[in-house]
Amino acid sequence: GENVEQHPSTLSVQEGDSAVIKCTYSDSASNYFPWYKQELGKRPQLIIDIRSNVGEKKDQRIAVTLNKTAKHFSLHITETQPEDSAVYFCASKAAGNKLTFGGGTRVLVKP
Amino acid sequence: EPEVTQTPSHQVTQMGQEVILRCVPISNHLYFYWYRQILGQKVEFLVSFYNNEISEKSEIFDDQFSVERPDGSNFTLKIRSTKLEDSAMYFCASSVEGLNQPQHFGDGTRLSIL
């Protein structure tokens, strides 16, 4: 079955700097890649997603890139702010509707 | 903005007892899901449900687990005879019909088996 690896597991950045989180997946049939942000004690919240017919997608300070050949996708957060501090999860979906999640990245933005 | 709601937020149960976790998906959504996250581990898919039947399930979702949509709004996960290893955060999610639609998650139920 699908396997998703996510790196790094923790990421500490200075406010205003960029943060990059990388994920790799194993199933070449995967065609949908969402990213979730989870603040402590709260629900995973979808922040951006990308479909396999697109190589890059941007929403304000957040962007996601997808390399289908290499089977990896990345989340980029620019101009980080303290409220960006959270755990971020990547996921992938192949056939059906099952999401396979990465292990999560704890991001700490230091003021 | 409509949200997926889950109750209870925390459930403590003796090993061997049955537990029912409840979810109210977003009203116009037609696909429903349960995921779980054991402390310190990945979020894992359990089951998806569409048109009043299971559409997909993982190997975790064995005979001890069942799902039901008892009425037009609730979606439940039942664990018949809980084990210590069932202790986890259980998330319900829902999505609209269609390919590659976003799944929206609830706040989760923390299940603690003693």
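Computed from a predicted structure; not experimentally measured.

Colleague: Go over the layout of surface pockets with me, naming the residues and quoting the values.
Modeller: Considered as a void within the structure, the largest pocket measures approximately 540 Å³ in volume. What lines the largest pocket is a set of 25 residues, and nearest its centre among them are Gln38, Val87, Phe89 and Arg106 of chain A together with Gln37 of chain B. When residues of the lining of the largest pocket are traced back to their parent elements, those giving at least two are β9 (86–93) and β11 (105–110) of chain A together with β9 (88–95) of chain B. A total of 4 residues in the lining of the largest pocket trace back to one element, the largest contributor, which is β11 of chain A. Considering only residue class, the lining of the largest pocket consists of 10 nonpolar, 10 polar and 5 charged. Approximately 330 Å³ is the volume found for the second largest pocket. At the level of elements, β4 (32–38) and β5 (45–51) of chain A together with β10 (104–105) of chain B are the ones that each hand at least two residues to the lining of the second largest pocket. When grouped by side-chain class, the residues that make up the lining of the second largest pocket number 7 nonpolar, 3 polar and 7 charged.

Colleague: Provide a residue-level description of the sheet that holds strand β3 (residues 19–24) of chain B, including the pertinent values.
Modeller: Residues and elements named next belong to chain B. Spatially, β1-β3-β8-β7 is the arrangement adopted by the 4 strands of the open sheet, whose pairing is antiparallel. Across the chains shown, the open sheet's two edge strands, defined by having one partner strand only, are β1 (5–7) and β7 (65–68). Sheet twist, expressed as the mean angle between neighbouring strand axes with direction ignored, is 20°. With 5 bridges connecting them, β3 and strand β8 (residues 75–79) associate as antiparallel partners. Looking at β8, one finds that Val19 is bridged to Ile79.

Cut-off values and rules
Residues numbered from 1 in each chain as written. Chains lettered and ligands numbered in written order. Predicted model: local features only at pLDDT ≥ 70, side-chain atom pairs only at ≥ 80, totals over all residues. Heavy atoms only, no water. 1 Å grid on protein atoms, 1.4 Å probe; cavity = no way out; pocket = protein on both sides within 12 Å on 5 of 7 lines; lining within 4 Å. Points joined across faces, edges and corners; volume = space filled by probe spheres on them. Helix = DSSP H or I, 4+ residues; strand = E, 2+ residues; numbered from the N terminus. Nonpolar A, V, L, I, M, F, W, Y, C, P; charged D, E, K, R; others polar. Pairing = 2+ DSSP bridges. Axes fitted to C-alpha atoms, helices over the stretch in contact; angles between N-to-C directions.

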